[in-house]
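# Close look at the chain arrangement
Each chain, written out:
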Amino acid sequence: MPVPQPSADAAPRRLLRDVVFDKMLAAIHDGTLQPGERLNDDELVRWLGVSRTPIREAIAKLVDYGLVEMEANRYTRIATPTGRQYHEAFSVLFGFAELAARWAFPRFTDEDTDALDALLADVRTHAAARDRAVDDDVHALIGFLVDHADNALLTKLSASVLARARFVTVGSAEPVFAAAADAVASLRDAATDRDGEAGAAAVRALADGMADHLDAVRAADLTTAEPEEAALVITSGPGI
């Protein structure tokens with residue numbers, strides 16, 4: 001009999017290296033893999049249940065993202081975030097977010113606005129409760145805007161920045177709860193009005209709410225003897 005043809009809506013098959021990358025990235029973000037932790041091939045093979053090849057390909061991508069450090073014949077380890085990296089990641093991230101809002105809001109449907117409302121409700125709830133989950137809410141919000149900007153290059157470039165920004169919040173200070181809460185109403189109004197410029201201004205206001213903290217993080221890092229190696233260790237003050 002002839003071989004049946006796949007249906008048109010069949011999900012594309014994912015490459016094993018991409019599956020491994022996603023699992024390792026999730027483990028880095030949730031703290032399963034800790035900053036500074038060395039990665040052992042045999043342990044990763046046992047954990048992930050795959051051969052070394054897709055693992056090494058995934059690690060190479062994580063190195064490109066700045067989440068893993070590698071030195072031949074010495075070590076492969078999870079990177080340790082620094083204040084400089086924190087400053088740089090969020091400066092770039094909010095630049096992308098401002099572009100995304102400007103391009104996304106004029107394209108919004110009613111369903112998109114409802115989905116944004118749900119994300120903003122999480123921001124509002126967690127900010128009011130001073131819950132660090134607001135970090136994840138802000139990252140999800142920016143990812144949503146990027147996805148709806150209808151710009152493939154922005155989506156591609158944002159992927160590593162979103163991943164790094166989420167990574168460098170590990171061990172960082174308390175989020176800027178007030179700035180996150182204040183952004184909710186203006187973002188919702190901009191989405192309702194399909195106003196890209198107002199959306200970009202709302203994102204910029206959120207970024208401005210972080211500015212003093214970002215400057216403080218960078219200044220603290222630059223006062224260390226070796227700023228490129230100084231770990232991000234902040235125990236008080238605003239952050240995100």
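## Regarding unusual backbone geometry
Of note in this structure, arginine 130 is not a glycine but carries a positive phi near 50°. Structurally, arginine 130 is set in the loop between α5 (110-128) and α6 (133-147). A positive phi angle, close to 60°, is found at aspartate 150, a residue other than glycine. Mapped onto the secondary structure, aspartate 150 falls in the loop between α6 and α7 (152-168). On the basis of relative accessible area, aspartate 150 is assigned to the exposed category, the value being 60%.

## Regarding helix α1 (residues 16-29)
Between the first and last C-alpha of α1 there are 20 Å, a value that for 14 residues agrees with the 20 Å anticipated at 1.5 Å per step. Every buried residue belonging to α1 is among Val20, Phe21, Met24, Leu25, Ala27, Ile28 and His29, and all of these are buried. With its phi angle positive at about 90°, glycine 31 sits one or two positions after the end of α1.

## With respect to the packing of aromatic side chains
Evaluation of the coordinates by the stated rule reveals four aromatic pairs. On the numbers, 5.0 Å between centres and 70° between planes, the contact of phenylalanine 105 with phenylalanine 108 is edge-to-face. Taken individually, phenylalanine 105 and phenylalanine 108 each receive the classification buried, so the pair is uniform in this respect. Ring geometry for phenylalanine 108 and phenylalanine 144: centres 6.0 Å apart, planes at 80°, overall edge-to-face. With phenylalanine 108 in the loop between α4 (83-104) and α5 and phenylalanine 144 in helix α6, the pair connects residues that are 36 residues apart, well separated along the chain. Neither residue differs from the other here; phenylalanine 108 and phenylalanine 144 are each classed as buried. Taken together, the ring pairs connect Phe105, Phe108 and Phe144 into an aromatic cluster.

## A closer look at the pairing of strand β1 (residues 68-71)
Across four bridges, the pairing between β1 and strand β2 (residues 75-78) is antiparallel. Across the sheet, glutamate 71 pairs through a bridge with tyrosine 75, a residue of β2.

## A few points about α6
If you check α6, its first and last C-alpha atoms are 21 Å apart, about what 15 residues at 1.5 Å a residue would give, namely 21 Å. Taking burial as the measure, the 15 residues of α6 include eleven buried ones, the bulk of the element. Considered for burial, the residues of α6 that qualify are Val134, Asp135, Asp137, Val138, His139, Leu141, Ile142, Gly143, Phe144, Leu145 and Val146.

Reading guide: rules and limits
- Residues numbered from 1 in each chain as written.
- Predicted model: local features only at pLDDT ≥ 70, side-chain atom pairs only at ≥ 80, totals over all residues.
- Heavy atoms only, no water.
- Helix = DSSP H or I, 4+ residues; strand = E, 2+ residues; numbered from the N terminus.
- Buried < 20%, exposed > 50% of the residue type's maximum accessible area, 1.4 Å probe, protein only.
- Expected span 1.5 Å × (residues − 1).
- Phe/Tyr/Trp six-rings, centres within 6.5 Å; stacked < 30°, edge-to-face > 60°.
- Pairing = 2+ DSSP bridges.

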